[in-house]
Amino acid sequence: MAEQFETEADRQDLVKSSRREDLARAQASLAMKLPPELGVFARLAYNYRWSWHVDGPSLFRAIDPVRWQSCGGNPVALLEEASSEALARAANDQELVSAANSLWAQIEAELEAPTDTSTGIQADPDRACTVNNPIAFFCAEYAIHESLPIYSGGLGVLAGDFLKQASDSRVPLVAVGLMYHKGYFRQRIDMDGVQQESWLESDPSRLPAVLVSDAHSSGADPLRISVPICGREVLAQVWRVDVGRVPLYLLDTDLEENLAVDRWITGRLYVGDRTTRLAQYMLLGVGGIRALHAMGIDPGRIHLNEGHAAFGPLELARRAIAQGADTNQAIEDVRQRTVFTTHTPVPAGNDTYLPGEISAVLGDFPKELCLDIDTFLALGRTSRDSSNEPFGMTQLGLHVSRTANGVSRRHGVVARTMWQDLFPKLTVDQVPITHVTNGVHVPTWMSEPMQQLLTHKWGSGWQANASDANVWSQLDSIPDEDLWQVRQNARRKLVAEAGRRAINERLIRGEKPDYAESLDLDPAVLTIGIARRMTAYKRLSLLTHDLDQLLQLLAGDHPIQILVAGKAHPEDIGGKDALQSIVTIRYEPNVGRTIAVLEDYDLELAALLVSGCDVWLNLPRPPLEASGTSGMKAALNGSLNLSVLDGWWAEAFDAENPNGWAIEGDVNSDPVGQDNRDASALYGLLHDTVSPLFYDRDSSGIPQDWLKLIRASMRSVSAQFNAQRMLDDYLNNIY
Ligand SMILES: *Cc1c(COP(=O)(O)O)cnc(C)c1O
């Protein structure tokens, strides 16, 4: 560790070349198992960049479509498991091999292009962020691709989109997270409508992940860092997943040298046990900074995406203090480098710990900051001197960051109100929490056929200017017939896949074959989707709130069909109840025929749903939806939003130039009254407005007015609510 280098640059070079060697070794060992023509696939496999290229997935699928499916889209597993026949066939397919080579050439050029130095963060020379002092993005979960099961919902999807955009925009950014071994569960719904979980064991060595080696060892030994947790030195190794140009470093304590309880720290995402949870936060924050340091990376900026990693800045301060810096000054210096994004106005999302819990897990960490325990605990309190207040990770995040933000305009207001007590001298408006509205990554979330249609008319490369309104003003150049054709095809594809899955799942659940088969999804029928994390505030139960009205709607003159999906956190009773409320009505007239509940909502199912549904519902209890992003994905695909005016929709909905439908978002102090009112608004809109409009066709069968709404929605949402605009806002206003 204490090795000396001539210059800092020498050290950086050694570390960088060691990173390249790690990757090259993994690629070479995979390539050795393949016919030489397919060697390029081994290179493609170790960088998720293929996953947001329109041709990427189809190249891997072509090798062995069935195995591609059974590997869950994991390219390393596919190449390792494909039969020699399939590999030989692919090797002889010259078109495939040349397409793969050309994709790799494009990706390689992208990876080697210089970092964009014109980004806003360079504007302030004191805060310049260079390649060796990158932005370090910290998050507890990442949804990069369905084959990397280390996410649970919206926070992870946002983080994944953020990294992809940082790569596209060539921003100097590295990311830090945890490699959960049993991070992901499969959802089954039983005959009582109760969610059952079965946890998947994932083997990182079969993922597109490379173990980071110790640059200072001669034999490429894995890098090991240690973090003091519960009085023990817990060891962690570091996996690297390449997300285009962005390296994602994932810490992993599943090592033989560790005690079983310490190996469990990276067992499960959002584990229920509080001590383990806190241990995860120590690993992510303190361990994350140590891992970066061991890899020669001194972050120019720390972005805490949620409070989970908020011990990280303190670890940086600790290092300075160990070298003689004054505690207050060291914390202040680190604070100047740290930014914090809060994502949730729901109390359960802002977890807190008792002093005893903090002391037990953190041990001497406060002492190493030269802080007595009370001063340390005050860093996690809303009011610094109320000694019986528990320690909150969000409060800590706010205390150790220079700037903080919510994730939509409305959430900014909510967060300022929520955390005003932290700033007793300020009025709500003066509370230093701003907002950056979330956005989604266009190449990831716009379906291939829609991207192809636009590329066909606009030429390639428009995705790189997705936040430019002029790009979307060209929508008028897309003929109605073509746009409608893409919509029809997307619905057809969704209905076929959802029907197949839902009937299968009914049979597995134990339904009688007659009932299972009674599902009759129709590719021409108005298709309404509601897929969310199942949790009480998302109010999926509004759908069944007035059963008579729902049944009338299903039996009405204008046929509709509804697709529902979503997982509840295993310990979220309210979420499980919401799911059950939809399952228990399944034998009511027409319900079995027209409503499909789909298990295992994940990135892949989400992409299918947001592209194929005609209407995308969101029914949060205001003001609890911080942003929401799935409606943005829907809009990119020409699906229309019908949503409560909360989160992002409160700033996207345009009553004057309608781009969807809205349910009032004011906060009613009587939740039951609010549910009654909102449910009746929902049924009313669907019955009186939405379905008549959908079925109002011209002589060639095209719904002219519906298409007008689609154009308005795509135009207004796509430019504003995409990840490029979001990243630019962070670069210009936050970092
Ligand atoms: C986009 C997405 C989410 C977030 O959706 P919300 O609109 O915030 O509810 C959650 N899960 C998956 C799988 C997603 O793709």
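Rules behind the numbers
- Residues numbered from 1 in each chain as written.
- Predicted model: local features only at pLDDT ≥ 70, side-chain atom pairs only at ≥ 80, totals over all residues.
- Heavy atoms only, no water.
- Core = buried A, V, L, I, M, F, W, Y, C linked by side-chain atoms within 4.5 Å.
- Buried < 20%, exposed > 50% of the residue type's maximum accessible area, 1.4 Å probe, protein only.
- Helix = DSSP H or I, 4+ residues; strand = E, 2+ residues; numbered from the N terminus.
- Contact = heavy atoms within 4.5 Å.
- Near = heavy atom within 4 Å.
- Polar contact = N/O pair within 3.5 Å; in protein donor to acceptor, adjacent residues only side chain to side chain.
- Areas by Shrake-Rupley, 256 points an atom, 1.4 Å probe, with all protein chains shown as cover.
- Nonpolar A, V, L, I, M, F, W, Y, C, P; charged D, E, K, R; others polar.
- Pairing = 2+ DSSP bridges.
- Right-handed = clockwise from strand over helix to strand, strands pointing away.
- Axes fitted to C-alpha atoms, helices over the stretch in contact; angles between N-to-C directions.
- Parallel < 35°, antiparallel > 145°, perpendicular 65-115°, else oblique.
- Left-handed = near helix turned anticlockwise from the far one by under 90°.
- Phe/Tyr/Trp six-rings, centres within 6.5 Å; stacked < 30°, edge-to-face > 60°.
- Lys NZ or Arg CZ within 6 Å of the ring centre and 35° of its normal.
- Salt bridge = Lys/Arg side-chain N within 4 Å of Asp/Glu carboxyl O.
- Arc of directions from axis to C-beta.

Chemist: Which residues make up the nonpolar core, and what values go with them?
Modeler: The nonpolar side chains of a soluble globular protein tend to be buried, and buried together. Grouped together as the largest cluster of nonpolar side chains are 134 residues, with contacts concentrated most on Phe41, Phe311 and Phe376. At 10 residues, helix α10 (residues 274-294) tops the list of elements feeding residues into this core. Beyond its immediate chain neighbours, meaning those up to four positions away, Phe311 contacts Leu278, Tyr281, Met282, Gly285, Val286, Leu362, Phe365, Phe376, Phe391, Met393 and Leu396. The next biggest cluster of nonpolar side chains, apart from the first, holds 98 residues, and it includes Trp484, Leu550, Leu682 and Ala719.

Chemist: So what about the site of the ligand? Which residues, and what values?
Modeler: Neighbouring residues of the ligand: 14 residues in total, closest Arg532, Lys538, Thr629, Ser630 and Lys633. Here an oxygen atom of the ligand and a backbone polar atom of Thr629 are 3.1 Å apart. Notes on the ligand: free accessible area 390 Å², of which the protein chains cover 94%. Those elements giving two or more residues to the shell around the ligand turn out to be α8 (154-168), α26 (603-612) and α27 (630-636). Looking at side-chain class alone, the shell around the ligand contains 5 nonpolar, 5 polar and 4 charged residues.

Chemist: Give me the lowdown on unusual backbone geometry, citing residues and values where you can.
Modeler: The step from Pro622 to Pro623 runs through a cis peptide bond, and the omega angle for that step is 5°. Residue placement: Pro623 occurs in the loop between β18 (615-618) and α27. A positive phi angle is found at Cys230, which is not glycine, with a value near 55°. Checked against the element boundaries, Cys230 lands in the loop between β6 (225-229) and β7 (232-243).

Chemist: Outline the pairing of strand β2 (residues 173-178), listing residues and values.
Modeler: In terms of burial, β2 is largely enclosed, as 6 of its 6 residues are buried. Residue alternation in β2 divides its side chains into two sets, Leu173, Ala175 and Gly177 and Val174, Val176 and Leu178, and both sets are buried. Alignment of strand β1 (residues 135-138) against β2, held across 4 bridges, turns out to be parallel. In the strand pairing of β2, Phe137 is matched with Ala175. After leaving β1, the chain enters α8 and then returns to the sheet as β2, a path that is right-handed. In this structure, β2 lies alongside strand β8 (residues 246-252), joined through 4 bridges in parallel fashion. Opposite Ala175, over in β8, you have Leu248 as the bridge partner.

Chemist: Which residues make up the side chain of Arg487, and what values do they have?
Modeler: With respect to the helices and strands, Arg487 occurs in helix α21 (residues 480-509). Judged by its relative accessible area of 0%, Arg487 falls in the buried class. Leave out the neighbours within four places in its chain, and Arg487 touches Ser611, Gly612, Cys613, Asp614, Asn637, Gly638, Ser639 and Ile710.

Chemist: Outline the packing of α10 against helix α13 (residues 355-362), listing residues and values.
Modeler: Taken N-terminus to C-terminus, the directions of α10 and α13 make an angle of 55°; their axes are 10 Å apart at the nearest point. Accordingly, the angle class assigned to the pair α10 and α13 is oblique. Along this stretch, α10 crosses α13, giving a crossing that reads as right-handed. Seen from α10, the contacting residues are Arg274, Thr275, Leu278, Ala279 and Met282; seen from α13, they are Glu357, Ile358, Val361 and Leu362. Considering only residue class, the contact of α10 with α13 consists of 6 nonpolar, 1 polar and 2 charged.

Chemist: So, the side chain of Ser639: which residues are in play, and what are the values?
Modeler: As for its placement among the helices and strands, Ser639 is situated in the loop between α27 and β19 (640-644). At 3.0 Å, the side chain of Ser639 and the backbone oxygen of Cys613 are in polar contact. Among residues more than four places away in sequence, those in contact with Ser639 are Arg487, Val610, Cys613, Asp614, Val615, Trp616, Ala634 and Ser713.

Chemist: Lay out the packing of aromatic side chains with the relevant residues and their values.
Modeler: Inspection of the entire model under this criterion finds 26 aromatic pairs. Ring centres of Phe365 and Phe376 lie 6.5 Å apart, and the angle between their planes is 90°; this geometry places the pair in the edge-to-face category. With Phe365 in helix α14 (residues 365-368) and Phe376 in helix α15 (residues 373-378), the pair connects residues that are 11 residues apart, well separated along the chain. Where Tyr730 meets Tyr735, the ring centres are 6.0 Å apart and the plane angle is 35°; that geometry is what we call tilted. For Arg268, the ring lying beneath its charged end belongs to Trp199, and the centroid distance is 3.5 Å. Between Arg697 and the ring centre of Phe694, over which it is positioned, the NZ or CZ distance is 4.8 Å.

Chemist: For the pattern of salt bridges, give the residues involved together with the corresponding values.
Modeler: Applying the stated criterion across every chain, the model contains 41 salt bridges. The salt bridge partner of Arg677 is Asp678, with a shortest N-O separation of 3.1 Å. A relative accessible area of 30% means that Arg677 is categorised as partly exposed. Residue Asp678 is classed as buried on the basis of its relative accessible area of 1%. Overlapping salt bridges bring together Lys33, Asp64, Arg67, Glu80, Glu81 and Arg206 as one network.

Chemist: Which residues make up helix α23 (residues 547-554), and what values go with them?
Modeler: Regarding α23, the residues found buried are Leu550, Leu551, Leu553 and Leu554. Projection of α23 onto a plane perpendicular to its axis shows the buried side chains occupying an angular sector of 155°, all on one side. Turned more than 90 degrees off the buried face of α23, the exposed positions are Asp548 and Gln552. Contacts made by the buried residues of α23 are with β16 (560-565), α25 (591-594), β17 (595-598) and α29 (671-694).

Chemist: Explain the pairing of β8 residue by residue, including any values.
Modeler: Among the 7 residues of β8, 7 are classified as buried, and the element is accordingly described as predominantly covered. Burial along β8 is two-sided: the face carrying Val246, Leu248, Leu250 and Asp252 and the face carrying Pro247, Tyr249 and Leu251 are both buried. Pairing of β7 with β8 involves 7 bridges; the strand directions are antiparallel. When the bridges of β8 are listed, Val238 appears paired with Leu251. Counted along the chain from β7 to the antiparallel partner β8, the turn is 2 residues long, and its residue Gly244 has a positive phi close to 60°.

Chemist: Explain the sheet that holds β19 residue by residue, including any values.
Modeler: Strand order in the open sheet made by the 6 strands is β17-β16-β15-β18-β19-β20, with parallel pairing throughout. Among the strands making up the open sheet, the edge pair consists of β17 and β20 (660-663). Here the average twist between neighbouring strands, direction ignored, is 20°. Pairing analysis gives 4 bridges linking β16 to β17, with the strands arranged parallel. Residue pairing for β17: Val564 is matched across the bridge by Val597. The sheet contacts of α21 involve β15 (526-531), β16 and β17, and relative to β17 the element is tilted by about 75°.

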